[in-house]
Amino acid sequence: MSLPDFKLLRPRSIQVALDSLSHHTGNVRVLAGGTDLIPSMRQKLFEPEYVLDLRGITALRGIKPQPEGGVEIGALTTLRAIERSDFLRQHYPVLTEAAANVASPVLRNMGTIGGNICLDTRCLWYNQSLTWRKGCGFCIKKDGDLCHVAPGGTKCWAVFSGDTPPALLCLNAEIEIASASGTRRLPLRDFYTGLGDDYRKLQPNELVTRVFLPAASADYHGVYRKLRVRGSIDYPLAGVAVVMKRSPNGNSGGHVADVRIAITAVNPAPLLVNGASELLAGKAVDQTLAEAAGDLAAKICKPLTTSALTPEYRREMIRVFTKRAVLAAAQIADRN
Ligand SMILES: Cc1cc2nc3c(=O)[nH]c(=O)nc-3n(C[C@H](O)[C@H](O)[C@H](O)COP(=O)(O)OP(=O)(O)OC[C@H]3O[C@@H](n4cnc5c(N)ncnc54)[C@H](O)[C@@H]3O)c2cc1C
Ligand code: SF4
């Protein structure tokens, strides 16, 4: 599968990149690490006239703790840099664990946090060569008008399969989005549409430039659990992130003060599990409570036959992983 022809643009500053994007809007794709974009271009899922390579823009890299608390992460920061950051491991451990679970070391050296957030949704019928897709009559997400997964429907159910967004959702992350006409800041939970085809709220002339983690989310104990076919180099087929804060010692010592749970790879968007904190706060975590958290998470999964594993199995693994992750987070809290 050869790459289609394209012209490569290599800006050295954010402003030049934004000007290029607005100049070539509709005809250009952004390349960060390229670990998802390049295979997709080989499959002719994208055939842009221009590819805008962000890798020369040093201002988009780096993990910068803020004087007032919290941290700013450049969109071009590699997953490897996140995985290895002592600061993030100490204050936002769920993010380093999720980053360490992406693909393989080689891909994490190339892949970026911005690319992971903007990752295209995936489906068995979509992530295939042009010949393969043509043989099946294409589908709604690309070049066709029917869905093989939910025949008769008009919606695409391709699945968001990034590992770090559920961790970022648990941390109440915000992202900065820039275009030639200015910047806007958006809670990550508002970035995804829930549609498999038009999956993110990003205009063709916009770039994700920075990720912000608030001071208020620092020092939560965190756990990420992931289902994949192979132990390495595989996208998640179900993923759960949990962060937990315990009450300070006293009458409620050992009890949960706050907990957030988010899931990935079972819907067209990564999702926060509503009601998790109401369920667990003020209580001591035990098997029954952890199981109830698993039931809550499983309720919002809508996996369909978009991958080789059955929807039932993936939903059940969300239930099991949530339970295990809640128990593991509580155990970590007990040790600290
Ligand atoms: C074999 C294999 C296994 C993989 N396994 C996993 C896995 O386990 N978990 C996982 O999460 N991912 C996995 N991936 C996907 C990918 O490696 C990661 O998601 C990675 O973080 C993507 O980042 P990137 O910088 O390489 O993105 P790119 O490929 O450069 O870009 C991905 C998409 O985001 C857009 N984009 C990138 N940066 C920006 C930006 N700053 N602003 C606007 N748009 C942007 C691009 O235009 C493109 O549409 C895998 C990929 C491969 C090939
Ligand atoms: S869910 Fe349906 S429309 Fe979407 S990629 Fe899969 S087959 Fe295509």
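Relevant structure appears above.
Computed from a predicted model, the values in this text were never measured in an experiment.

> Account for the site of ligand 1, with residues named and values stated.
Near ligand 1 lie 34 residues; those nearest to it are Val 30, Thr 35, Thr 112, Asp 163 and Asp 234. Here an oxygen atom of ligand 1 and a backbone polar atom of Asp 36 are 2.8 Å apart. Take Asn 116: an N or O atom from its side chain is 2.8 Å from an oxygen atom of ligand 1. Summarising the interface, the protein chains cover 94% of the accessible area of ligand 1, which totals 970 Å² for the free molecule. If you list the elements that add at least two residues to the shell around ligand 1, you get β2 (28-31), α7 (113-118) and β8 (207-213). For the shell around ligand 1, the element with the highest residue contribution is α7, accounting for 4 residues. Class assignment of the residues belonging to the shell around ligand 1 gives a composition of 18 nonpolar, 10 polar and 6 charged. Counting contributing residues, the shell around ligand 1 receives three or more from each of domain 1 (1-57) and domain 2 (61-119 + 159-335).

> Tell me about the layout of surface pockets, and name the residues and values.
By volume, the second largest pocket is sized at about 370 Å³. Taken together, the residues that form the lining of the second largest pocket break down as 10 nonpolar, 5 polar and 4 charged.

> Residue-level account of the nonpolar core, with values.
Core analysis: the biggest nonpolar cluster contains 41 residues, and Ile 73, Leu 95, Ile 117, Leu 168, Ile 175, Phe 191 and Leu 213 have the highest contact counts within it. Going through the elements one at a time, β5 (71-74), α3 (79-84), α5 (93-100), α7, α9 (164-170), β6 (174-179), β8 and β10 (238-246) are the ones with two or more residues in this core. Beyond its immediate chain neighbours, meaning those up to four positions away, Ile 73 contacts Gly 62, Ile 63, Ile 82, Leu 88, Leu 95, Ile 113, Thr 209, Arg 210, Val 211 and Leu 213. Core analysis: the second largest hydrophobic core is formed by 29 residues, Val 223, Ala 238, Met 244 and Val 259 among them.

> Give a detailed account of the packing of aromatic side chains, specifying residues and quantitative values.
Aromatic ring pairs: the centre-centre distance and the angle between the two ring planes describe each pair. Under the definition given, this model contains 4 aromatic pairs. When the ring of Phe 87 is compared with that of Tyr 92, the centres are 6.4 Å apart and the planes differ by 50 degrees; the resulting orientation is tilted. The class for Phe 87 is partly exposed, based on a relative accessible area of 26%. Residue class for Tyr 92 comes out buried when judged on its relative accessible area of 1%. Between the aromatic rings of Phe 160 and Tyr 192, the centroid separation amounts to 5.0 Å while the plane-to-plane angle is 55 degrees, which identifies the pairing as tilted. Taken as a pair, Phe 160 in the loop between α8 (130-135) and α9 and Tyr 192 in the loop between β7 (182-187) and β8 lie far apart in primary sequence, 32 residues in all. A residue is classified by how much of its surface remains accessible, and Phe 160, at 0% relative accessible area, is buried. Relative accessible area serves as the criterion here: at 7%, Tyr 192 is assigned to the buried category.

Cut-off values and rules
Residues numbered from 1 in each chain as written. Chains lettered and ligands numbered in written order. Predicted model: local features only at pLDDT ≥ 70, side-chain atom pairs only at ≥ 80, totals over all residues. Heavy atoms only, no water. Near = heavy atom within 4 Å. Polar contact = N/O pair within 3.5 Å; in protein donor to acceptor, adjacent residues only side chain to side chain. Areas by Shrake-Rupley, 256 points an atom, 1.4 Å probe, with all protein chains shown as cover. Helix = DSSP H or I, 4+ residues; strand = E, 2+ residues; numbered from the N terminus. Nonpolar A, V, L, I, M, F, W, Y, C, P; charged D, E, K, R; others polar. Domains from an automatic or database assignment. 1 Å grid on protein atoms, 1.4 Å probe; cavity = no way out; pocket = protein on both sides within 12 Å on 5 of 7 lines; lining within 4 Å. Points joined across faces, edges and corners; volume = space filled by probe spheres on them. Core = buried A, V, L, I, M, F, W, Y, C linked by side-chain atoms within 4.5 Å. Buried < 20%, exposed > 50% of the residue type's maximum accessible area, 1.4 Å probe, protein only. Contact = heavy atoms within 4.5 Å. Phe/Tyr/Trp six-rings, centres within 6.5 Å; stacked < 30°, edge-to-face > 60°.

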